[in-house]
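Each chain, written out:
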Amino acid sequence: MTDFETILLERKGRVALITLNRPKALNALNSQVLADLRAALQELESDDGVGAVVLTGSERAFAAGADIKEMADKSYMDMFLADFFAGYEQVAAFRKPLIAAVAGYALGGGCELAMMCDILIAADNATFGQPEIKLGVIPGMGGSQRLTRAIGKAKAMDLILTGRNMGAEEAERAGLVARIVPAAELIATALEVAETIAGYSLPAVMIAKEAVERSYELTLSEGLRFERRVFHSLFATEDQKEGMAAFVGKRAPEFKHR
Ligand code: CO8
């Protein structure tokens, strides 16, 4: 696996673990982090041996936001011409399951990065927020859209307009977080979830992810039609035959594409 400047990339069987690694800056997301993440995800996407990916930070911070020091002196033209941080959409476009394991601060771009993942598992010390308003700006990596879809207008407005943080329990109640675990068990739990997913048929997993994502974009009738079409398409896979034959034969399936 390639070495990177600001992230660590490890393989554990069919699961990859990406750890944001700028501890002195609480994993603030600068352009190098973006470049490293994009390169790592590209590598993992094209690796058939990888079935799911966990993205994490440190116990103190998943990521405390976009790098304020890098952004502070930029002009409108700098931001516009570089389409600053548009590259993060590549994280959201990653086709395999991406699990965010969040401990400590997930603020601003950190919260937005976690929301680009498919399953968000939080340590009991996790803190989420969109504090950009305190800096004279607003969320710029999807917070106003993804947070609102995840937790609804009432809470999203509360967080984005006041800049207050919310803890793991409030985030779980609000529907942002799938599970809360003790901080010491965070990585093991996230890897276990990823291993479970990576044990299934990869095309089925990728299509399941895509179908759920389409629900954000489509009307119900179009979404249901999309689901039915891709459901039908899975009957062209060997893994469907194997999965159903294994059930009937009362044995564990041996998926080929996993
Ligand atoms: N950017 C750069 N450096 C940071 C950031 C950050 N977001 N967060 C923390 N750091 C640095 C600090 O400057 C400090 O560095 P140094 O030791 O050199 O002074 C180091 O990390 C440790 O931080 P603190 O000493 O502040 O640690 P505390 O435990 O006292 O506080 C906090 C932790 C509460 C997390 C505090 O650091 C904080 O408030 N950080 C900023 C949080 C924030 O405002 N995040 C939002 C940033 S804006 C954003 O994310 C916009 C996203 C969209 C951009 C897309 C553009 C298109």
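Source: prediction; values computed, not measured.

### Side note on unusual backbone geometry
If you check the backbone angles, asparagine 27 has positive phi at about 60° while not being a glycine. Its place among the elements puts asparagine 27 in the loop between β2 (15–20) and α1 (31–45). On the accessibility criterion, asparagine 27 (3% relative accessible area) is buried. In this structure, phenylalanine 85 is a non-glycine residue whose phi angle is positive, near 70°. Inspection of the secondary structure puts phenylalanine 85 in the loop between α3 (76–82) and α4 (89–92).

### Regarding a negative patch on the surface
Taken together, Asp124, Glu169, Glu172 and Glu185 make up a surface patch of like negative charges. Among the structural elements, aspartate 124 can be located in the loop between β7 (119–123) and β8 (127–129).

### A closer look at the site of the ligand
Lining the immediate environment of the ligand, one finds 24 residues, of which Arg60, Ala66, Ile68, Lys69 and Gly109 sit closest. Taking lysine 24, its main chain carries an N or O atom lying 3.3 Å from an oxygen atom of the ligand. Here isoleucine 68 contributes a backbone N or O atom positioned 2.9 Å from a nitrogen atom of the ligand. Here the ligand, which alone exposes 1100 Å², has 65% of that area covered by the protein. Contributions of two or more residues to the shell around the ligand are made by α2 (68–71), β6 (105–107) and α5 (109–115). Element by element, the count of residues in the shell around the ligand is highest for α2, at three residues. Grouping the amino acids of the shell around the ligand by side-chain chemistry returns 14 nonpolar, four polar and six charged.

### Observations concerning the domain arrangement of the protein
Under the domain assignment used here, the protein contains domain 1 (7–198) and domain 2 (201–249). The C-alpha centroid of domain 2 is placed 27 Å from the C-alpha centroid of domain 1. Across the domain 1 to domain 2 interface the summed buried area is about 760 Å²; carbon plus sulfur atoms make up 57%. When the buried area of domain 1 at its contact with domain 2 is split by residue, Arg95, Asp118 and Arg149 rank highest and sum to 46% of it. Along the contact surface separating domain 1 from domain 2 lie one salt bridge. Between lysine 209 and aspartate 118 there is a salt bridge, with its nearest N and O atoms 2.8 Å apart.

### Things to note about the packing of helix α10 (residues 202–214) against helix α11 (residues 220–233)
Contact geometry for α10 and α11: axes closest at 10 Å, N-to-C directions at 175°. Between α10 and α11, the interaxial angle falls into the category roughly antiparallel. Counting all contacts with α10, which are made through Ile207, Glu210, Ala211 and Arg214, the residues of α11 involved are Phe226, Val230 and Ser233. Residues that form the contact of α10 with α11 fall into these classes: four nonpolar, one polar and two charged.

### Some words on the side chain of aspartate 239
Mapping aspartate 239 onto the fold places it in helix α12 (residues 238–248). Summary of buried charges: aspartate 239 has no salt-bridge partner, and the nearest side chain of opposite charge, lysine 256, is 7.9 Å away. Every residue in contact with aspartate 239, bar those within four places of it in the chain, is listed here: Ser201, Pro203, Phe255, Lys256 and His257.

### Concerning the pattern of salt bridges
Tallied over the full model, the rule gives 10 salt bridges. Members of the salt-bridge network, linked through shared partners, are Lys155, Asp158, Arg164 and Glu170.

### So, the packing of helix α6 (residues 143–151) against helix α7 (residues 153–162)
The interhelical angle for the contact between α6 and α7, taken along N-to-C directions, is 140°, at an axis separation of 7 Å. Regarding the angle of α6 to α7, the classification is oblique. Crossing handedness for the pair α6 and α7: right-handed. Facing Gly143, Ser144, Leu147, Thr148 and Ile151 of α6, the residues of α7 in contact are Lys153, Lys155, Ala156, Leu159 and Ile160. Across the contact of α6 with α7, the residue classes break down as five nonpolar, three polar and two charged.

### Notes on a nonpolar patch on the surface
Judged by side-chain polarity, Tyr76, Met77, Phe80 and Leu81 come together as a nonpolar surface patch covering roughly 510 Å² of accessible area. Mapped onto the secondary structure, leucine 81 falls in helix α3.

What counts and what doesn't
Residues numbered from 1 in each chain as written. Predicted model: local features only at pLDDT ≥ 70, side-chain atom pairs only at ≥ 80, totals over all residues. Heavy atoms only, no water. Helix = DSSP H or I, 4+ residues; strand = E, 2+ residues; numbered from the N terminus. Buried < 20%, exposed > 50% of the residue type's maximum accessible area, 1.4 Å probe, protein only. Patch = residues over 30% accessible without salt bridge, like charges linked within 9 Å, V, L, I, M, F, W, Y side chains within 5 Å. Areas by Shrake-Rupley, 256 points an atom, 1.4 Å probe, with all protein chains shown as cover. Salt bridge = Lys/Arg side-chain N within 4 Å of Asp/Glu carboxyl O. Lys, Arg positive; Asp, Glu negative; His and termini not counted. Charge placed at Lys NZ, Arg CZ, Asp CG, Glu CD. Near = heavy atom within 4 Å. Polar contact = N/O pair within 3.5 Å; in protein donor to acceptor, adjacent residues only side chain to side chain. Nonpolar A, V, L, I, M, F, W, Y, C, P; charged D, E, K, R; others polar. Domains from an automatic or database assignment. Buried area = accessible area lost by both parts, 1.4 Å probe. Axes fitted to C-alpha atoms, helices over the stretch in contact; angles between N-to-C directions. Parallel < 35°, antiparallel > 145°, perpendicular 65-115°, else oblique. Contact = heavy atoms within 4.5 Å. Left-handed = near helix turned anticlockwise from the far one by under 90°.

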